[in-house]
Amino acid sequence: MFYSPPTSINRIQSRLLSLAAIFLFLFSVILTTAPAVRVQSWQTDYLWQHWVGYATWLVAIIFANLQTARRLPYRDPYLLPIVALLSGWGLLSIFRLAPAFGFRQSIWLLIAMMVIVAGLRLPHDLGFLRRYKYLWLTGGLLLTALTFLIGTNPSGAASPRLWLGGFGFYLQPSEPLKLLLVIYLAAYLAGGVSGFSPRLLLLSPRLLPLLAPTVVMTGIALFLLALQRDLGTATIFLFLYAAIVYMASGNKRILLLTSLGVIIAAIIGYSLFDVVRLRMEAWINPWVDPSGRSYQIVQSLLAIANGGLLGRGPGLGSPGLVPVPHSDFIFTSIVEETGLLGALGLLLLLGVVAVRGLRTALRAPDSFRRFLAAGLTAYLVSQSILIIGGNVRLLPLTGVTLPFVSYGGSSLLTSYLALFFLLVISDQEQTQPAAFMPLPRPETRLYLQLGGFLLSGLLAAALATGWWAFYRAPDLLARTDNARLAIADRYVPRGLILAEDGTPLAQNQGQPGSLTRQYPYPDLGPLVGYTHIVYGRSGLEDSLDPYLRGLQGYPSLDIWWNHLLYGQPPPGLNVKLTLNIDLQNHIDEILRGHNGA
């Protein structure tokens, strides 16, 4: 079996990029018209700022497509289109949530593309990475250490100070440090020590002494991250160390020792750091304090439940109710507006990244590039699983970003550098992978195990998302702390509660977008009840809520059609009581002033 000729590779990549551009164009059009759809009127203000992001993305991707076609003729044609779709989807979502951050992300996207295009002129054997492995990692460690002296926080908060820079331009050194660790481990394990080949080195009984340099360098990085309380990045470091060393050795003791290290680190972190203790408690039982320490995760689950199967529609949800929706919880924001279907699509794209990345590793021409490709794939996909798992309460919440999707210049640049190295490694004409050392079992089994682990993590995230979006959604949406119901009442006219003669006992006031509930007869409050953004509902407003909200009483097709078009139910149905308002007023007047009447 031979590689496709460059013309076929170019055609596949161009067509996939065209499909991504069409999808994002339609997404942008829907975002623009979302305000009109929400109020069901063309007389409203439209959203236009995200078109700057789309234009930036389009120019950057066209340029990257041309340059990779020219300088990497035998590259993997699927990696760039998938990553382009992920980053474009994330960019438009950031513009929808926080336009100011969207403009910054657009600038970082251009910077990332310029770095990649410049990197295409470097030697494609990546020898400069391998030769200076200690220099690269030491430089990353020094930059991370500098945050203790001159670190800052772009938000202006006193802590954590994990960034370097100022005047609107900030770099978080822990992001490129992940990439530098992968490069260092791949180069060290591919090089061997004292005449040993990589395989013999790691099958040697002197395993731990031979790995001592990697343990020291990784340990220094973990120590700095622990001092910064950047425990999410520290978790990724431990996983990457275990994954790459296991890829190089097949020694299961590495996995056992690393798992033990994670457990010990979790126990120590729970004992010493308040932030770890709070996140663990919020993960175990978020319902104890849903308005306090568990507010983020509870609102995240409510947003997923609100999305359901198809989502509310781009621009029609309420993802802003979740703190930091453009960064830590951007997956939740996407699910609320595109539903379980959108979540599965995003997870499927990450799964393809895992498969194509490991395929690139198996076809690499030498051990260094093989380990590097496997490590980069593990980095991108494992970090995605970690943050998505935190969003859906599959794992404790961590403060890492969703690669290519979340807001964060350092994260975006680092992720695109990882993509660049994968593209360079995949640019091979050989029909067979490099020769492996003779082993009792195929070395490809190790890569299949890593791929199976990563895909299992993505599958678990998909199942957890489906659990909250479908099975638990009715219970979650009925909670009194679900502010999305009150927001919906501002846009969808709630059904009237009428007396026998048609006199309104509960009615709406205002226009869609600013609707409020009015009660002309306060004395009937115990019967009619109320609906309130803070205090929930009571009385008939509560017991008849599905009809008053338009969720029942209509044909199922009408409800589904309104949800598909507008992301909301049809106008609520009126309810007429048998209560005679004249008789009620007469009785009230007679009994007025009598206690207990």
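Residues numbered from 1 in each chain as written. Predicted model: local features only at pLDDT ≥ 70, side-chain atom pairs only at ≥ 80, totals over all residues. Heavy atoms only, no water.

## Quick notes on the environment of Pro365
Topologically, Pro365 is positioned in the loop between α15 (330-362) and α16 (367-391). Separated by 240 residues in the primary sequence, Pro365 and Asp125 have C-alpha atoms spaced 9.2 Å apart. (Helix = DSSP H or I, 4+ residues; strand = E, 2+ residues; numbered from the N terminus.)

## Looking at the packing of aromatic side chains
Taken as a whole and judged by the stated rule, the model has 18 aromatic pairs. When the centroid spacing of 6.1 Å and the interplanar angle of 40° are considered together, the rings of Phe23 and Phe27 count as tilted. Note that Phe23 and Phe27 are positioned in helix α1 (residues 6-39) at a spacing of four residues, about one turn of the helix. Ring geometry for Tyr134 against Tyr184: centres 5.2 Å apart, planes inclined by 65°, an arrangement best described as edge-to-face. Here Tyr184 lies in helix α7 (residues 174-191) and Tyr134 lies in helix α6 (residues 133-150), a separation of 50 residues in the sequence. Assessed through its relative accessible area of 0%, Tyr184 is described here as buried. Through pairs of rings, three or more aromatic residues link up here, namely Phe25, Trp51, Tyr54 and Trp57. Between the NZ or CZ atom of Arg38 and the centre of the ring of Tyr491, over which it lies, the distance is 4.6 Å. (Phe/Tyr/Trp six-rings, centres within 6.5 Å; stacked < 30°, edge-to-face > 60°. Buried < 20%, exposed > 50% of the residue type's maximum accessible area, 1.4 Å probe, protein only. Lys NZ or Arg CZ within 6 Å of the ring centre and 35° of its normal.)

## Remarks on the side chain of Ser174
Relative to the helices and strands, Ser174 resides in helix α7. Beyond its immediate stretch of four places on either side in the chain, Ser174 contacts Thr144, Leu225, Asp230 and Thr233. (Contact = heavy atoms within 4.5 Å.)

## What about the packing of helix α2 (residues 50-71) against helix α4 (residues 99-119)?
At a minimum axis distance of 10 Å, the contact between α2 and α4 shows a crossing angle of 5°. Put simply, α2 runs roughly parallel to α4. Contact with α2, carried on its side by Val52, Gly53, Thr56, Trp57, Ala60, Ile61, Phe63, Ala64 and Gln67, involves Phe103, Ser106, Leu109, Leu110, Met113 and Val117 of α4 and no other residues of that element. When its residues are assigned to classes, the contact of α2 with α4 shows eleven nonpolar, four polar and no charged. (Axes fitted to C-alpha atoms, helices over the stretch in contact; angles between N-to-C directions. Parallel < 35°, antiparallel > 145°, perpendicular 65-115°, else oblique. Nonpolar A, V, L, I, M, F, W, Y, C, P; charged D, E, K, R; others polar.)

## Section: the nonpolar core
One broad rule of soluble globular proteins: the nonpolar side chains tend to lie buried together. Judged by nonpolar contacts, the single largest core of 130 residues is most densely connected at Trp57, Leu126, Leu346, Leu372, Ile388, Tyr416 and Tyr447. For this core, the element with the highest residue contribution is α15, accounting for 15 residues. In this structure, Ile497, Leu505, Leu540 and Val575 belong to the second largest nonpolar core, which totals twelve residues. (Core = buried A, V, L, I, M, F, W, Y, C linked by side-chain atoms within 4.5 Å.)

## Describing unusual backbone geometry
Of note, the phi angle at Leu126 is positive, near 60°, even though the residue is not glycine. When you line up the elements, Leu126 lands in the loop between α4 and α5 (127-131). Since its relative accessible area comes to 1%, Leu126 is described here as buried. Phi is positive for Arg393, which is not a glycine, with a value near 65°. Structurally, Arg393 is set in the loop between α16 and α17 (409-426).

## Observations concerning the side chain of Asp328
Along the chain, Asp328 turns up in the loop between α14 (295-307) and α15. One buried charge, Asp328, has no salt-bridge partner; the nearest side chain with opposite charge is Arg279, at 5.5 Å. Once residues lying within four places of it in the same chain are set aside, the contact partners of Asp328 are Ile387, Asn391, Gly399 and Val400. (Lys, Arg positive; Asp, Glu negative; His and termini not counted. Salt bridge = Lys/Arg side-chain N within 4 Å of Asp/Glu carboxyl O.)

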